[in-house]
Amino acid sequence: MNPKEAARRRWARLAWIYGLLLAFGVFFVGPFLMGFLASLKANPLEWPFTLSFAQVRPKNWAAAFRLGGMGAGDPWLGGMRPGREVTLEVAYFSREAAPPELAATIPRRKPGAGMGAVFESPYAADYVRLTGPTLVARQPARLGQEEGYVYRYRLRIAYPGKGPYLERVPLDLEAPRGALLVEATLDPTRFERRGRVASWDNVAPGLLGYVFHNYVRAFRETRSLETGQSLFLRWTLNSLFLSLVKVLTTLVFASMAGYALARLRFPGRQALFLFMLFSMMVPGQVTFISNYLVLKDGIFGLSRLFGVETLLNTYAGLILSGLVGAGAVFIMKQFFESIPREVEEAALIDGATPLQTLFRIILPMSTPALGALSILTFQGTWNEFFWPFVVLTSPREIYTLPLGLLSFRNAYGQVGDWGLILAGGFFSMVPVLILFAAFQRYFVEGVSVGAVKE
């Protein structure tokens, strides 16, 4: 084979390999990207799916930022405060020489559906004053094959006097038949009545309020009926708290149990290890009824010693029933067995006890395994649904994030408001992605080292 032929085959092989990797990347990352983009859209069920929509256009980012600053002095989250004024310009194409008559209204529209519809919040229509649309310019134009004019209008929305902070100011703009909206300071949220009505959910949204509209709604609309606090934020903090506690308890108990099974010699060690392996093969659905009854009874009545009748609907019950998993003990045992015994023998000669050897010598050498175990435990607890669904039933303030997302589906899915559900689902993935990106080196090392026994 001549050198040119060898080089051609080498490049062809590389092209195949990278092509396959790219195809796998698109296959696995594609749904993730589609879900994220759909969570930004005002209508996530839009079909056919498009990658170019209002929330990803830089022109709208700048407009939303500016309008948010004009309306409330907050260019990020927008809204409207007393004494402020917002100016919006739109341009319509019409073949007629006479300017089209536009009808603008501030509708009395609920701030949200589902949970958001339960709360009474101020309507912008009761407080703001709309001026316009006022014709400010007219110029000849061509739209496709049609000759006509582009008419520019200006609308002023003022908030005189005193009043509450308005989270949003909706606007409907109706044009006569034949007039076509070709430009606006901020693209409308949707078109209604066969395109004659351009509708804005908020003319002063702010940058984050416009691009991440559904995410902002998730935090604002899901509020507690008693306290008015954001339930979505509470659920997120609950999941974070339980995940961190579970990681801490797993690292401590899995390390101690794994070290005892790997290094210490005591009667029944093999039987205990076999029992642990057996427990890994039993699905949680088999034992959840007995575990439920134990928690309901306060762990055989022991909780009554502390004045607690039952451990259901408490974080203590959830934590105590999952202090450490058999799989975590198994991983740490396998890793400790890969560490040379000479290290511990040197510590023993220096007079160290088994606990001192574990905490001062072995654990500092076990960073990869501990890192991998932390990520796996955090991910498992963060996404855990079934057992919290059994233990935590009321009130809603104690839900974890997966349980809260289930209530999202019940509250918003029935009215077809999928944007907020998508936003909540995507947001729940973010902490795990950040954790994995930050500690992926430890994760890969820990899994590979723990899988090999010297």
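Residues numbered from 1 in each chain as written. Predicted model: local features only at pLDDT ≥ 70, side-chain atom pairs only at ≥ 80, totals over all residues. Heavy atoms only, no water.

Some points on the side chain of threonine 236
Mapped onto the secondary structure, threonine 236 falls in helix H5 (residues 231-263). When its relative accessible area of 12% is taken as the criterion, threonine 236 is described as buried. Apart from residues no more than four positions distant in its own chain, threonine 236 is found in contact with Trp382, Leu401 and Phe427. (Helix = DSSP H or I, 4+ residues; strand = E, 2+ residues; numbered from the N terminus. Buried < 20%, exposed > 50% of the residue type's maximum accessible area, 1.4 Å probe, protein only. Contact = heavy atoms within 4.5 Å.)

Considering the pairing of strand S3 (residues 129-143)
Side-chain positions along a regular strand alternate between the two faces of the sheet. The pairing of S3 with strand S4 (residues 146-158) spans twelve bridges and is antiparallel. Paired with alanine 141 across the strands is glycine 148, a residue of S4. Hairpin remark: S3 followed by S4, antiparallel, with two residues in the connecting loop; positive phi at glycine 144, about 65°. (Pairing = 2+ DSSP bridges.)

Some words on the packing of H5 against helix H11 (residues 354-365)
In the contact formed by H5 and H11, the axes pass within 11 Å of each other and the chain directions differ by 110°. Classified by the angle their axes make, H5 and H11 are roughly perpendicular. In this structure, H5 crosses over H11, and the sense of that crossing is right-handed. Taking contact as the criterion, the partners of Ser255, Met256 and Tyr259 in H5 are, on H11, Pro354, Leu355, Thr357, Leu358, Phe359, Ile362 and Leu363. Grouping the constituent residues of the contact of H5 with H11 by class yields eight nonpolar, two polar and no charged. (Axes fitted to C-alpha atoms, helices over the stretch in contact; angles between N-to-C directions. Parallel < 35°, antiparallel > 145°, perpendicular 65-115°, else oblique. Left-handed = near helix turned anticlockwise from the far one by under 90°. Nonpolar A, V, L, I, M, F, W, Y, C, P; charged D, E, K, R; others polar.)

Looking at the pattern of salt bridges
Where charged atoms from two side chains of opposite charge approach closely, those side chains can pair. Tallied over the full model, the rule gives 21 salt bridges. Across the salt bridge formed by lysine 41 and glutamate 46, the nearest N and O atoms sit 2.5 Å from each other. Among the charged side chains, a network of salt bridges with common partners joins Glu5, Arg8 and Arg9. (Salt bridge = Lys/Arg side-chain N within 4 Å of Asp/Glu carboxyl O.)

Overview of the sheet that holds strand S6 (residues 180-184)
In space, the four strands of this open sheet follow the order S3-S4-S1-S6, with antiparallel pairing throughout. In the strand order of this sheet, the two ends are held by S3 and S6, each with one partner. The mean inter-strand angle of the sheet, taken between neighbouring strand axes irrespective of direction, is 25°.

Describing helix H6 (residues 269-281)
Spanning 13 residues, H6 covers 19 Å between terminal C-alpha atoms, matching the ideal 18 Å at 1.5 Å per step. Inspection of H6 places Arg269, Phe273 and Met276 among the buried residues, and these make up the whole buried set. Along the axis of H6, the buried residues cluster in a sector spanning 55°; they form a single face. What points out from H6, more than 90 degrees from its buried face, is the exposed set Leu274, Phe275, Phe278 and Met281. Where H6 is buried, its residues meet H5 and helix H9 (326-337). (Expected span 1.5 Å × (residues − 1). Arc of directions from axis to C-beta.)

A word on the packing of aromatic side chains
Per the counting criterion, the structure on display carries 20 aromatic pairs. Summarising the aromatic geometry, the rings of phenylalanine 32 and phenylalanine 426 are spaced 5.1 Å apart at their centres and angled 40° between planes, so their arrangement reads as tilted. Taken together, the positions of phenylalanine 32 in helix H1 (residues 3-40) and phenylalanine 426 in helix H15 (residues 418-451) put the pair 394 residues apart, joining distant regions of the chain. Residue class for phenylalanine 32 comes out partly exposed when judged on its relative accessible area of 33%. Aromatic pair phenylalanine 36 and phenylalanine 426: ring centres 4.8 Å apart, planes at 40°, arrangement tilted. Residue phenylalanine 36 is found in helix H1, and its partner phenylalanine 426 is found in helix H15; the two are separated by 390 residues along the sequence. When its relative accessible area of 24% is taken as the criterion, phenylalanine 36 is described as partly exposed. Note on phenylalanine 426: relative accessible area 13%, which makes it buried. Arginine 108 extends its terminal NZ or CZ atom over the ring of tyrosine 123, reaching a point 4.3 Å from the ring centre. Geometry around phenylalanine 273 places lysine 333 over its ring, the cationic atom sitting 4.2 Å from the centre. (Phe/Tyr/Trp six-rings, centres within 6.5 Å; stacked < 30°, edge-to-face > 60°. Lys NZ or Arg CZ within 6 Å of the ring centre and 35° of its normal.)

Notes on H9
Look at H9: 17 Å from first C-alpha to last across twelve residues, which is about the 16 Å you get at 1.5 Å a residue. Among the twelve residues in H9, nine count as buried, and that is most of the element. When we look at burial in H9, the residues that qualify are Ala326, Ala328, Val329, Met332, Lys333, Gln334, Phe335, Phe336 and Glu337.

Section: the layout of surface pockets
Roughly 670 Å³ of volume is contained in the second largest pocket. Arg168, Arg190, Asp201, His213 and Arg217 are, among the 33 residues lining the second largest pocket, the residues nearest its centre. Elements with a minimum of two residues in the lining of the second largest pocket: helix H3 (207-211), helix H4 (213-221) and H15. In terms of residues, the lining of the second largest pocket owes the most to one element, H4, which gives six residues. (1 Å grid on protein atoms, 1.4 Å probe; cavity = no way out; pocket = protein on both sides within 12 Å on 5 of 7 lines; lining within 4 Å. Points joined across faces, edges and corners; volume = space filled by probe spheres on them.)

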